[in-house]
Structure formats: C-alpha cells, structure tokens
Amino acid sequence: MSAKGSLLEINNLNTGFRIKDEYYNAVDNVSLTLAKNEILAIVGESGCGKSTLATTIMGLHNAQNTRIEGEIFYKDLDLTKLNEVLYNKIRGNDIGMIFQDPLSALNPLMRIEDQIAESLSYHTSLTKAQQEQRVLELLDQVGIPNPKRVAKQYPHELSGGMRQRVIIAIAISCKPPIIIADEPTTALDVTIQAQILDLLKNLQEETEAGIILITHDLGVVAEMADRVAVMYAGQIVEQATVEELFTNPQHPYTRSLLNSIPREDEFEQELHVIEGTVPSLKNLPRTGCRFAPRIPWIAAEEHEENPELHEVSPDHWVRCTCYKHFHFRDEEGEA
Amino acid sequence: MTELIQIKDLKVHYPIRSGFFNRVTDYVYAVDGVNFTIEKGKTYGLVGESGSGKSTIGKAIVGLEKTTSGQILYDGKDVTKRSARHAIGYNKDVQMIFQDAMSSLNPKKRVIDIIAEPIRNFERLSDQEEKKKVKSLLDIVGMPEDALYKYPHEFSGGQRQRLGVARAVATNPKLIVADEPVSALDLSVQAQVLNFMKRIQEEYGLSYLFISHDLGVVKYMCDTIAIMTKGRFVEIGTREEIYTNPQHIYTKRLLSAIPKIDVAHRKEHMETRRKVDQEYHTLQKEYYDEAGRVYDLQTLNATHQVALRNVESEGV
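Residues numbered from 1 in each chain as written. Chains lettered and ligands numbered in written order. Predicted model: local features only at pLDDT ≥ 70, side-chain atom pairs only at ≥ 80, totals over all residues. Heavy atoms only, no water.

**Student:** Describe the overall build of chain A, naming the residues involved and giving the relevant values.
**Tutor:** A tally of regular secondary structure across chain A gives 11 helices and 12 strands. Since a compact globule built from 335 residues should have a radius of gyration of about 20 Å, the 21 Å found for chain A is in line with a globular shape. Across the 335 residues in chain A, those meeting the buried criterion constitute 53%. Sequence-distant contacts in chain A: of pairs separated by 6 or more residues, those separated by 24 or more amount to 65%. Counting every atom, chain A has about 15300 Å² of accessible surface; 47% of that belongs to carbon and sulfur. (Helix = DSSP H or I, 4+ residues; strand = E, 2+ residues; numbered from the N terminus. Rg over C-alpha atoms; globule rule 2.2 N^0.38 Å. Buried < 20%, exposed > 50% of the residue type's maximum accessible area, 1.4 Å probe, protein only. Contact = heavy atoms within 4.5 Å. Areas by Shrake-Rupley, 256 points an atom, 1.4 Å probe, with all protein chains shown as cover.)

So this is what it looks like as structure tokens:
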C-alpha cells in the first residue's frame, strides 16, 4: 500500500507494552500512509490503540517498557531508529501534536508567550524580538482576540476553547508538514468544537499540511476527513475514502458502529448494541478474526484464519473475509 | 393532573467572596429564574454548554444544592425545604444517575452493598429478600449474577454506568435525574445504557430529567427539550419543535454546530454553520437584553416557549 509522494509512511508497525516480562501489542501490524494536504482520520473506541499509534509516531514511549517494531518513514528517515537527540529535532519542527486535554498539556507556571516561544527558540534562529512577533502572529492566526493580552496570561486564565487554540498555536508554530491531532475537540462544547474544527481545516488549507485526526466521533470524521482508517483491537479493520466509508461500509465492526448512532427518525427502535466487550490487551486473541467473538452468529468458516486486508474496490481495504457474509442478528442471512 | 414536579422561578446563586474580610462582593447566577414542569412517564432533556447551569438544576431537584429562592413542588407539595422532603418520601422517589460512574461508586464496597444501600435506607428487608431484589435489579440492567460480590474496579465503564442505573432504580423512584449519563462512554456502550434506560422507563413508568450536551442523544431520548444558557432557558419545546422549528438564535447555533454524518453535503453544512454563527454575533442585541441576560420566555403555543423580546415582531 505504499504510495509515491506520501509524507509519512508507516509499515507493519507494532507497539507492545510490557506486562510482567511479556510484551503485548497495543498497535498490531499497522500500515498507513499520509499524503500532503490530506486529513486522515483514525476512528475507534477507547482501547483500540489509536492514541498509542499517535504517541508512537511522536516517539513518546519509554524504551524500557515498550517494544516498537516496523518502520515509520518520514523523508527517507526511519523514525523508529532515531535517538532522543535527533527525535527532538523532528518533534515540533516536522511533526506537531495537538493533545486532547489542553490544561494538562500546557505548563501552568509559564506564560502563554513563553510556551509558544519554547519550540521557536529550539527549532529556529529567530531573535527574541522576532519570536515575540511570531507569537503574536500565531495567536492571531488561531483566532484569539487581543493576542497582546493573552500572550502575557497563564493557562488557568483562559477558557477551554482558548487553551485548545493555544495548543494549536504551539503545534503549528514551526509550520510542520505533519500535524497529529489526538481527540482535539473531545473536551469541548459543540459550538467551540465547530470553531476549532473550522480552524484546523483552514490552517490545513493554508499550509497544505497532512493531518492525522484521531477521534471516536463519527460526526467529526464525516465533517473533516478525506480518508478514514477504522481500528479495532490494535488493527486496522477498514480503510477507505470518507465518502466510501459512510456510503458503503463493509467490515462488520464499521457497520455495527454506524448502526449504534442514535438516528434521526427512529425513536421507537432500540439502538444497535455490539455484543460482548472489547477484550483487554492481555486477553486479546492474537490469531483469527478479532471481531469474531462479538458476532457469534456468523459461522466460524466465514472468517479467515489469518485475516488480511483485502482491497474490495480501489483504495478501499477490509480485513478478514467475514464481511462478505455479515448480517445483523435480526436480519436474515443471505444464503 | 399528571404533573409530577413543578419548578417555579428557581434561583441558585453562589456568592463570590473577596477582600480582606472575605465579604460577599457579588454572585454567580448559576440558575436564574427557571420554570418548568415534569409530567409522569415522560423524558425531559436539559441541554446547554458547560457552565450553563444545567447540572445545578438537576442537583437542586435532588436536593444536593441549596436553592436561593423559588419553589420545587412535588405532587403539589413544596419540597424546597429539607424537612418537607423527608416527610413525604421525596428522597426515595427521586434518584440520580451521575456522569462519572467510577467516582460515584464507592470503591471499597461490593456491588451488592452499593445497590442495596438505597434499599436499606428506605425499606426493611431480610438478607435473603435483599439479595433477591439486588439480583433482579442486576438482571434488569443485563448484568450477570456473579457481579454481586465484585468491586467497582472489576467492571468496564459501561458496566459501571449500568450499576449506577440499577442503584437509581432500586427504590422504585418516580423521577430519575440523569446528569450526562453516557457522555463518558463509547458509542456502542452508550447505545447499551440508553437502551436499558428506555426499557426501564417503559416498565416502571418513570420520568427522566436527562441532562446532556449531546444533542443527538437528547433527540433520541427526550419528549420535551429545554435549551439553556447563562442560567436561563432560551427555548422549551417538543422534540419536533426544537429540531425542525427552532426560534432562538442560540438554539439555531447549537443545532448547526453538531457534526452531521452526511459526507455529500458537508460543504453546505459548513456554510450554514458559519452563516448562523455570524448571525449569532450580529443579532446579540435582538436576543439578549442590555445586560446580556436572556429574556423571559414567551409562549408560542401550548408546548413551545421561547425567550424573545417581542414575539409578534418576529412574525411567527
């Protein structure tokens, strides 16, 4: 699935966490590409490994307790092989990250201007005065009214939406070609969420950056993404363009997920519930279709022994063969 | 009359203390003059952004928050005072489901003790009967029997929230105040909890006051919806009225901000959203008075009320 001219190329990435001398993969054999000027959404429920994927790309894991295998190529540079010094050159400068909880991502004891200037002084050769100028520009760019005043303030003096804007300002301060946004609007109200998403979209159009948008909100995906990868239990189970995924979902997990959203006109009907629970990292079956235990009415022979991604139509990939025979429990199976 | 609870001009103000003598210098108007009624067997939605005062109303009804002024009537009797609540079994009839299931369940207690606690407060049952009752409650929320002797940390988020639901139903209440019951849950788990809540309602004829910021969930659950901002209601109406014919700019803006799963029309949707947002900023004066306060509610029809200065000039 390698594409020419891609910004970031992830090949067979595994991230394992150590639990008592054994490593358990939270991200399991994930391959992805991110192109310039593209928003790639990664969707999944909590515990599916989507945030671990993000932190692995950023190299935020402690080497003693994690095992990372596979390749993450950025400009012919394999990020998994980098040491800490080189990684620091990449972080912020080439890959910016937007965190979910802006209050814990900001230093409560630093003024806003100093927090933004931190990465500028690390990565650029701007003078103090130039840095100050750039900070004000950035605050203005992310739509903060009265940047001069806000620059002198501390994080606790700002509202949640404003803090998230500051985080975005830090992430884009060095104009990185790649931005990873990990649940950027989950902690925010809908109206603020709409503003932040608009802002992200505008920034992306201006800078032509590639954005990896990690979220559990399918509405946000439908509004923002160009391409979508659905993750379940550490694996990508389906990957397609956003139009294709919402109009023609194939994998049972994607279909179940879409079906459990409260619908416009079906107040009388019960919501669809996916049976069972997501297995914990330790108890995850490592062979066979991982979604099989949650659709027990589908016969075992419909699943593949070692499920692989199949290209069902151009650029639409689905894992395992069970999608061909899948039907919801209350529907009649096709013969 | 099927009115269960009536709320009249409810106000909850928090004092702000400052200065050398720690004197009260100002108030936060968390809830500032709210009226509504809850009927039997219906679900009421209370929607607003964070800080709008929606949770404060819920807490005031349950009795976790002192009211500054106003009345809460239960079956026609005033229950604003603590002593009055006790006498008519109000505390038994009104229960609450909290947002964060983990912090609302005592980590040192077993499930049987957690769920039986409200029963022990109000009824005298033998150990056998109590166990039977708890088992049946677990059954209602679809939990296995062996959960009885487990501790809260042994469950997943969705299961914990279902324990919270089971505890709230334990005393056969007439009203359950559900404060953001599913906002911490994943989509498929959320569906599970909502299904159980609906099923229990049909079985027991409960009323819900459903507090949420998620307009999609509220739409699925609620018959009547109240939209709130800055401690006051801006609009109350049936589900259809709020979603198809919103009158207040605040409601319109809130509705347009929900991300829609409609990839083909996302450009148009974004444009409408921007247009409404602009309108919201330019029309501030039309919809709010000089002090930025929401106007009093005007009646449009029997079910639909909206906070406008002058309804006639709107040409409804």
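Once you've had a look at it, read on.
**Student:** Before we move on, could you go through the overall build of chain B and cite the residues and values that matter?
**Tutor:** The helix and strand inventory of chain B stands at 14 helices and 12 strands. Its C-alpha atoms give chain B a radius of gyration of 21 Å, within 12% of the compact-globule value 20 Å for 316 residues. By its C-alpha atoms, chain B is 65 × 55 × 50 Å across when sized along the principal axes. Taking all 316 residues of chain B together, 51% fall into the buried category.

**Student:** Tell me about helix H11 (residues 252–259) of chain A, residues and numbers included.
**Tutor:** Across the eight residues that make up H11(A), a large majority, six, are buried. Within the sequence span of H11(A), burial applies to A:Pro252, A:Tyr253, A:Thr254, A:Ser256, A:Leu257 and A:Leu258. The secondary structure elements touched by the buried residues of H11(A) are helix H9 (218–224), strand S9 (227–232), strand S10 (235–241) and helix H10 (242–247) of chain A together with helix H8 (187–204) of chain B.

**Student:** Could you give an account of the sheet that holds strand S8 (residues 207–212) of chain B, naming the residues involved and the relevant values?
**Tutor:** Either a parallel or an antiparallel arrangement is found when strands of a sheet pair, and the pairing is made through backbone hydrogen bonds. Residues and elements named next belong to chain B. Strands sit in the order S6-S7-S8-S3-S9-S10-S12-S11 across an open sheet of eight strands; the sheet is mixed. Two strands bound the open sheet, and with one partner strand each, they are strand S6 (94–97) and strand S11 (297–299). Strand-to-strand twist across the sheet, computed as the mean angle between neighbouring axes with direction ignored, equals 20 degrees. Sheet analysis places strand S7 (residues 175–179) next to S8, joined by five bridges and oriented parallel. The residue bridging Leu 175 from the neighbouring strand is Ser 207, located in S8. Of the strands in this sheet, strand S3 (43–48), S6, S7, S8, strand S9 (224–229) and strand S10 (232–238) touch helix H1 (residues 54–62), which is tilted by about 150 degrees from S8. This element, H8, spans S3, S6, S7 and S8 of the sheet and lies at about 155 degrees to S8. (Pairing = 2+ DSSP bridges. Axes fitted to C-alpha atoms, helices over the stretch in contact; angles between N-to-C directions.)

**Student:** Account for the state of the cysteines, with residues named and values stated.
**Tutor:** Taken as a whole and judged by the stated rule, the model has zero disulfides over all chains. Cysteine A:Cys289 shares no disulfide, and the gap to the nearest cysteine sulfur, in A:Cys320, comes to 3.7 Å. (Disulfide = S-S within 2.5 Å.)

**Student:** Tell me about the pairing of S3(B), and name the residues and values.
**Tutor:** Residues and elements named next belong to chain B. For S3, the tally of buried residues reaches six of six residues, placing the bulk of the element in the interior. Two strands pair when backbone bridges link them, and S3 and S8 are joined in this way by five bridges, in the parallel orientation. Its bridge partner being in S8, Tyr 44 is matched across the sheet by Leu 209. As paired elements, S3 and S9 share five bridges and run parallel to each other. Looking at S9, one finds that Val 47 is bridged to Ile 227.

**Student:** Go over unusual backbone geometry, please, and point to the residues and values.
**Tutor:** Residues and elements named next belong to chain A. Backbone geometry places Asp 21, a non-glycine residue, at a positive phi of 70 degrees. Within the element layout of this structure, Asp 21 appears in the loop between strand S1 (6–19) and strand S2 (22–35). When its relative accessible area of 69% is taken as the criterion, Asp 21 is described as exposed. A positive phi angle, near 70 degrees, is found at Cys 320, a position not held by glycine. Note that Cys 320 resides in the segment after strand S12 (316–319).

**Student:** Give a detailed account of helix H5 (residues 128–141) of chain A, specifying residues and quantitative values.
**Tutor:** All names here are of chain A. With 14 residues, H5 should reach 20 Å at 1.5 Å per residue; the first-to-last C-alpha distance of 20 Å fits that figure. Inspection of H5 places Gln 131, Arg 134, Val 135, Leu 138 and Leu 139 among the buried residues, and these make up the whole buried set. Viewed along the axis of H5, the buried residues span an arc of 135 degrees, placing them on a single side of the element. Among the exposed residues of H5, those oriented more than 90 degrees off its buried face are Ala 129 and Asp 140. Phi turns positive one or two residues past the end of H5, at Gly 143, with a value near 75 degrees. (Expected span 1.5 Å × (residues − 1). Arc of directions from axis to C-beta.)

**Student:** Lay out a nonpolar patch on the surface with the relevant residues and their values.
**Tutor:** Together, B:Tyr14, B:Ile16 and B:Val28 make up an exposed nonpolar region whose accessible area comes to about 220 Å². Note on placement: B:Val28 falls in strand S2 (residues 23–39). (Patch = residues over 30% accessible without salt bridge, like charges linked within 9 Å, V, L, I, M, F, W, Y side chains within 5 Å. Salt bridge = Lys/Arg side-chain N within 4 Å of Asp/Glu carboxyl O.)

**Student:** Can you break down the packing of aromatic side chains residue by residue, with the values?
**Tutor:** Evaluated as defined, the whole model comprises nine aromatic pairs over all chains. Ring centres of A:Tyr232 and A:Tyr253 lie 4.7 Å apart, and the angle between their planes is 50 degrees; this geometry places the pair in the tilted category. Highlighted residues: A:Tyr232 in strand S9 and A:Tyr253 in helix H11, separated in sequence by 21 residues. A relative accessible area of 1% places A:Tyr253 in the buried class. Relative to B:Tyr280, the ring of B:Tyr250 has its centre 6.4 Å away and its plane inclined at 55 degrees; by these criteria the two rings are tilted. A residue pair is termed long-range when its members are at least 10 positions apart, and B:Tyr250 in helix H11 (residues 249–257) and B:Tyr280 in helix H12 (residues 266–282) qualify at 30 residues. When its relative accessible area of 2% is taken as the criterion, B:Tyr250 is described as buried. Taken together, the ring pairs in this structure connect A:Tyr232, A:Tyr253 and A:Phe291 into an aromatic cluster. Over the face of the ring belonging to B:Tyr220 we find B:Lys198, whose NZ or CZ atom lies 4.2 Å from the ring centre. One residue, B:Lys230, lies across the ring of B:Tyr288, its end atom 4.6 Å from the ring centre. (Phe/Tyr/Trp six-rings, centres within 6.5 Å; stacked < 30°, edge-to-face > 60°. Lys NZ or Arg CZ within 6 Å of the ring centre and 35° of its normal.)

**Student:** So what about the pattern of salt bridges? Which residues, and what values?
**Tutor:** Residue and element names in this part refer to chain B. Applying the stated criterion across every chain yields a total of 29 salt bridges over all chains. Among the salt bridges present, the one from Asp 113 reaches Arg 120, with a minimum N-O distance of 3.1 Å. A residue is classified by how much of its surface remains accessible, and Arg 120, at 42% relative accessible area, is partly exposed. With its nearest N and O atoms 2.8 Å apart, the salt bridge here joins Glu 130 to Arg 120.

**Student:** How would you explain the sheet that holds S1(A) if you had to name every residue and give the values?
**Tutor:** Residue and element names in this part refer to chain A. Ordered by their spatial adjacency, four strands build an open sheet running S2-S1-S4-S5, and the pairing between neighbours is antiparallel. Strand pairing shows two members of the sheet lacking a second neighbour, S2 and strand S5 (77–78), which therefore form its edges. Contacts between helix H1 (residues 50–57) and the sheet are confined to S1, S2 and strand S4 (66–74), with S1 contributing the most and set at about 110 degrees to the helix.

**Student:** Mind laying out the interface of chain B and chain A, listing which residues take part and the relevant values?
**Tutor:** The interface is formed by 34 residues belonging to chain B together with 37 residues belonging to chain A. In total, about 3200 Å² of surface goes out of reach between chain B and chain A, with carbon and sulfur atoms giving 53% of it. Counting every contact that joins chain B to chain A gives five salt bridges. Across the salt bridge formed by B:Arg273 and A:Asp198, the nearest N and O atoms sit 2.5 Å from each other. Between the two partners, chain B and chain A, sit 15 residue pairs in polar contact (both at pLDDT 80 or more). (Buried area = accessible area lost by both parts, 1.4 Å probe. Polar contact = N/O pair within 3.5 Å; in protein donor to acceptor, adjacent residues only side chain to side chain.)

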